[in-house]
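A closer look at the structure
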Amino acid sequence: MTEPGLSEGLPSGTVSFLFTDIEGSTRLWDTQPSAMQAALARHDDILRKTIDDAEGYIFSTGGDGFAVVFSRAGNAVSAAVSAQRELAAEPWPEGVELRVRMGVNTGEVQERGGDYFGPPVNRAARLMGAANGGQIVVSGVTAALLDDSTGVELIDLGTVQLKGMVELVHAFGVDTPDADWAERPLVSTQTTAGNLPRPQTELVGDLADLQRRVSTLASARLVTLTGSGGVGKTRASIEIGWLVVDEFVDGVWMVELAPVADAEVVIAAVASTLAVQPQPGVPLPESVVDWFVGRRLLLIVDNCEHVLAPVIELVEAVGARCPTVTIVATSREPLGLPGEQVIRVPSLEPNFGVELFCDRARAANSSFAASADDLATIEAICARLDGIPLAIELAAARGRSLSPDEVLARLDDRFRLLRGSSRGGLERHQTLRATVTWSYQLLSSDDQLLFDRLSVFAGGFDLQAAERICAGDDVDEYDVIDLIGELVDKSMVIAERTGATTRYRLLETLRQYGEDRLDDRGEIAAVRDRHLAYYRELAGRVVPLWCTPDQLEADELCDREWDNFRAAHGWALARGDVGQAIEIIWGARMYAASRLRFEAQDWTTRTTQLADGEQMSDGRLLASGAFWAFFSGDFERSHELASACIDSELADDSVMALGQMMRLYGLMGSGRVDEAVAAVSEARELVARLVDPLDRFALLQALIDLLVGEADISADVAAHRAAAKELGGPTPLAEASRATGNLLLVSTDRRDLDEALAAFQESVVLADRSGAIQTGSWARLGVAMSLLYAGQDGFVAAVRETFRHARDARYGIAITSALEVCALHVASGQHLDATAILLGHLERQPPRFRELGKVRARSFEAVAGLANLDELRATGAGMSQSEAVDYTLDLLGSE
């Protein structure tokens, strides 16, 4: 084994790497510190001896792991096998049994000063991270180099998506007669909930060191990654998320605030990302905090610095109420909260800077190859750029037209001008801005103009949007594609392939620079006006597409463009253009409703606050307000706005259909069922003249929910299904199946109940396919009710699934309805005291639907003779909804 610090004679070129780490070492150190100290010493002795015997070189250690390089793949695998054999045979101290995970990869790298750099190094670390204790996982490249002399059998694990990797990796498990393969699935992909994006490029830096640093993240409450712009805070947070994803059973969630320009909409944007449902009478920030209660998750809040105040308030509130939530924030400055761990994201060390430059230079010019002299120059470039990754990438992008020597010379000239007569050097933020300015000034005038105009986009954009918004008399629409290509080549714009299309985006540091330049040109208002016009028009195309079998395409469009819809709506309000703001809200309504994107409620509220006179009577605004008021639990307000919509002179049949629908639901929600029934005739008259299948579908749905079990609605259900088939999308078809289930559910015929169960199950599948949250919750409740009414097994599992789904969405109406059904189930089991307690909680509000009213009445009949009924009801009345659910789940758990 070569001693660290000696470079002469070390393996170089194509070599193999072995990375090791002890599984669960943090827990062992916490519970058995003395025994762990002795065990670790023995572990180190075993590893060092087997590595030395196989002629390996330990080039890095940290925590409990080793990073080792070998000249031959066979030596690396032999060392790993020998180590696992001896570790398995070792008599460990009582209470401590060390299980070591190992990963091996082979590839061409650079050795500098006794350390190793290049993608193959980090891939070995990722293979190790995917292994379980006792396993050796090797890459396909390494496997291909092994011969019979190693004496191992390779188990083909197929291609796996390693956490944080862009590409799939072919992996193999190593099995030997005296070191058996441990049959446990690889820890390779995100299996929990969340929205953590996969990185578009591989991490450049010391991955093994980062893996060790984040090993205790799960026990932290608030960690803030700070650093100057362009240093890689966002990339680091994503990498951290992937490294610890399995520590958080409720997932890793990322809220990107860079596209949010207004501090007032931060909470709404967070709620929208997490699909938080506002609770009745509860301010939105409190509803967001309530969403976190009881969840074990990691929340990444990215790019906080321009909206610090609302972020600090939210983080402080989550920290106070949610001890199982860990928050990682990225900001150019700390949040300044008690208990905050501040980690400054460092610049790249010289060797990693060189690796990044060469990697990006090869991306810009496939023939790029760095000589020994070039490497010294590149190291000087990276030092000149303070190791800031974004600055290095911008400089490397010039590799197509400039040699490293020329890049360094031009940077020297640029920085000398900026420094002027100052005796000191440039601050890091000045270094980045100087590099961005230098890269910008090397662009052609057309490139510069397009780059500036692209800064109006929020989140990302496609080619068509860029052509429509950024072209003009001075930039031909047909030239935009070539200009964007040039900006991509120069790393000023990022291109991301998603399926069959390409999306583009600007890093936030570059976007802000371009926005400043656009403002200097005096064009910012004009280009934002074009952005507003384009996305208003695009929003207008969503509903027609949603009302086809291609509904999922409409949903995906809104997923992609939500940030731009938000920016366009915000600009409309800033301009005082209520009309265009309403058009965006109206266009996105079906997507927002099915996905419960409650940010649309915030848009509606803010637009209403700005509206005056005739605008206040716009039926679209009134109908939208009624819809969101209902789903927030404010049923009286929903009815009030829906009635105003119906009376409005500015309401066509489509608007009137939604108004009538929400009037019925508002009356049902507030317990005024008789008034709702009295409005049925007027609603049926409207259905008869409606041409649009979406309008018929929506209003018929409300009529079915109101009248099921009280009248013959088979014709309504048939017409509803016909409208759904005419629309063709999975969400309408899911609702149609649910309506069929509701019709059959009230039957006493067992065959009808079996068909109801099948209809609800079909609805669940379709709803989940389309991401229709509210439909999915109601369909799951229908499954549970079908099983209960038919006396079949499986009710408890079904209602638990209903609670899980509805609680995940914080869908309060569905949760309360599930409690109604559970009260009847508990009563049927003669748990009458528990039934009375649940009824005490439920009776604070009227039943939402007539069938649930009957369910509650049957439950009350069961407990009518209890002597202490009032006392038990009072106990339930004091429960919150969350407490009532926990109480119910405990009851069900005892069955």
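Heads up: the structure comes first, above all this text.
To keep things clear, this report deals only with the structure shown in the data block.

Thoughts on the overall build of the protein chain
Looking only at helices and strands, the protein chain has 41 helices and 15 strands in total. Here the protein chain has a C-alpha radius of gyration of 31 Å; the compact-globule value for 895 residues is 29 Å, and the two agree. Projected onto its principal axes, the C-alpha coordinates of the protein chain cover approximately 90 × 75 × 50 Å. By the burial criterion, 57% of the 895 residues in the protein chain qualify as buried.

Description of the pairing of strand β8 (residues 169–175)
Burial analysis of β8 places 6 of its 7 residues in the buried class, the great majority of the element. The pairing of strand β6 (residues 136–139) with β8 spans 3 bridges and is antiparallel. Along β8, the bridge assignment pairs Ser139 with Ala171. In terms of strand pairing, strand β7 (residues 153–160) meets β8 through 6 bridges, oriented antiparallel. Bridge assignment links Glu153 to a residue of β8, and that residue is Asp175.

Focus: the packing of aromatic side chains
What the rule picks out here adds up to 27 aromatic pairs. Judged by centre distance (5.5 Å) and plane angle (45°), the ring pair of Phe630 and Tyr665 falls under tilted. Of the two residues, Phe630 sits in helix α26 (residues 619–631) while Tyr665 sits in helix α28 (residues 653–669), which places them 35 residues apart along the sequence. Here Phe630 matches Tyr665 in class, with each residue buried. Linked through ring pairs, Phe598, Phe627, Trp628, Phe630, Phe631, Phe635, Tyr665, Trp778, Tyr811 and Phe849 together constitute an aromatic cluster. The residue whose ring lies beneath Arg517 is Tyr513, and the NZ or CZ to ring-centre distance is 4.7 Å. The ring of Trp586 carries the charged tip of Arg589 above its face, separated from the ring centre by 3.8 Å.

Overview of helix α23 (residues 578–587)
Counting buried positions over the 10 residues of α23 gives 8, a clear majority of the element. Looking only at α23, the buried set comprises Val578, Gln580, Ala581, Ile582, Ile584, Ile585, Trp586 and Gly587.

Describing the packing of helix α37 (residues 812–828) against helix α41 (residues 881–893)
Contact pair α37 / α41: the axes reach a minimum separation of 11 Å and the direction vectors enclose 35°. When you trace α37 past α41, the crossing you get is left-handed. In this structure, α37 contributes Gly812, Ile815, Thr816, Leu819, Cys822, His825 and Val826 to the contact, and α41 contributes Gln881, Ala884, Val885, Thr888, Leu891 and Leu892.

Examining the environment of Asp447
Structurally, Asp447 is set in helix α16 (residues 445–454). According to the relative accessible area criterion, Asp447 is buried, its value standing at 2%. Each C-alpha atom, one on Asp447 and one on Leu483, is 5.9 Å from the other, the two residues being 36 residues apart in sequence. Among residues more than four places away in sequence, those in contact with Asp447 are Leu483, Glu486, Leu487 and Lys490.

Details of the nonpolar core
Phe357, Leu454, Phe461, Tyr535, Phe565 and Leu664 are the most contacted members of the largest nonpolar core, which totals 190 residues. When sequence neighbours within four positions are dropped, the list of residues in contact with Phe461 reads Leu454, Ala466, Ile484, Thr502, Arg503, Tyr504, Arg505, Leu506 and Tyr535. With 37 residues, the next largest nonpolar core counts Leu210, Leu217, Val231 and Ala236 among its residues.

Brief notes about helix α36 (residues 795–808)
Along its 14 residues, α36 runs 20 Å from first to last C-alpha, staying within 8% of the 20 Å computed at 1.5 Å per residue. Against the buried residues of α36 lie α34 (750–770), α35 (773–790), α37 and α41. Count one or two residues on from α36 and you reach Arg810, which has phi positive near 50°.

Focus on the pattern of salt bridges
Proximity of charged atoms lets side chains of opposite charge pair with each other. If you walk through the whole model with that rule in mind, you get 49 salt bridges. Two residues, Arg606 and Asp262, come together in a salt bridge whose shortest N-O distance is 3.3 Å. Of this pair, Arg606 sits in helix α25 (residues 599–610) while Asp262 sits in the loop between β10 (252–256) and α8 (266–274), and the two are 344 residues apart along the sequence. Note that Arg332 is salt-bridged to Glu305, the shortest N-O span being 3.9 Å.

How each quantity is defined
- Within each chain, residues carry numbers counting from 1 in the order of the written sequence.
- The predicted origin of the model limits local features to residues at a pLDDT of at least 70 and limits the giving and counting of side-chain atom pairs to 80 or more, whereas totals for whole chains, interfaces and linings rest on all residues.
- Each side-chain value is worked out from all heavy atoms of the structure, with water and hydrogens disregarded.
- Only runs of H or I of at least four residues qualify as helices and only runs of E of at least two qualify as strands under DSSP, and these elements are numbered from the N terminus.
- The reference for a compact globule is 2.2 Å times residues^0.38; the radius of gyration itself is calculated from the C-alpha atoms.
- Each residue is placed in one exposure class: buried if its accessible area under a 1.4 Å probe, protein chains only, is under 20% of its type's maximum, exposed if it is over 50%, and partly exposed if it falls in between.
- Two strands are counted as paired when DSSP detects at least two bridges linking them.
- Each Phe, Tyr or Trp ring (for Trp, its six-membered ring) is paired with any other whose centre lies within 6.5 Å, and the angle between the two planes then decides the class: stacked below 30 degrees, edge-to-face above 60, tilted in between.
- We call a charge positioned over a ring when the NZ of a Lys or the CZ of an Arg lies within 6 Å of the ring centre and within 35 degrees of the ring normal.
- Each axis is a line fitted through C-alpha atoms, taken for helices only over the stretch in contact, and angles between the N-to-C directions span 0 to 180 degrees.
- Should the near helix be turned counterclockwise from the far one by less than a right angle, the crossing is left-handed, whereas a clockwise turn marks it as right-handed.
- In this analysis, two residues are considered to be in contact whenever any of their non-hydrogen atoms come within 4.5 Å of each other.
- We define the nonpolar core as a collection of buried residues of types Ala, Val, Leu, Ile, Met, Phe, Trp, Tyr and Cys that are connected through side-chain atoms lying within 4.5 Å of one another.
- For a helix, the expected span equals 1.5 Å multiplied by the residue count minus one.
- Salt bridges are defined by distance alone: a side-chain nitrogen of Lys or Arg within 4 Å of a carboxyl oxygen of Asp or Glu.

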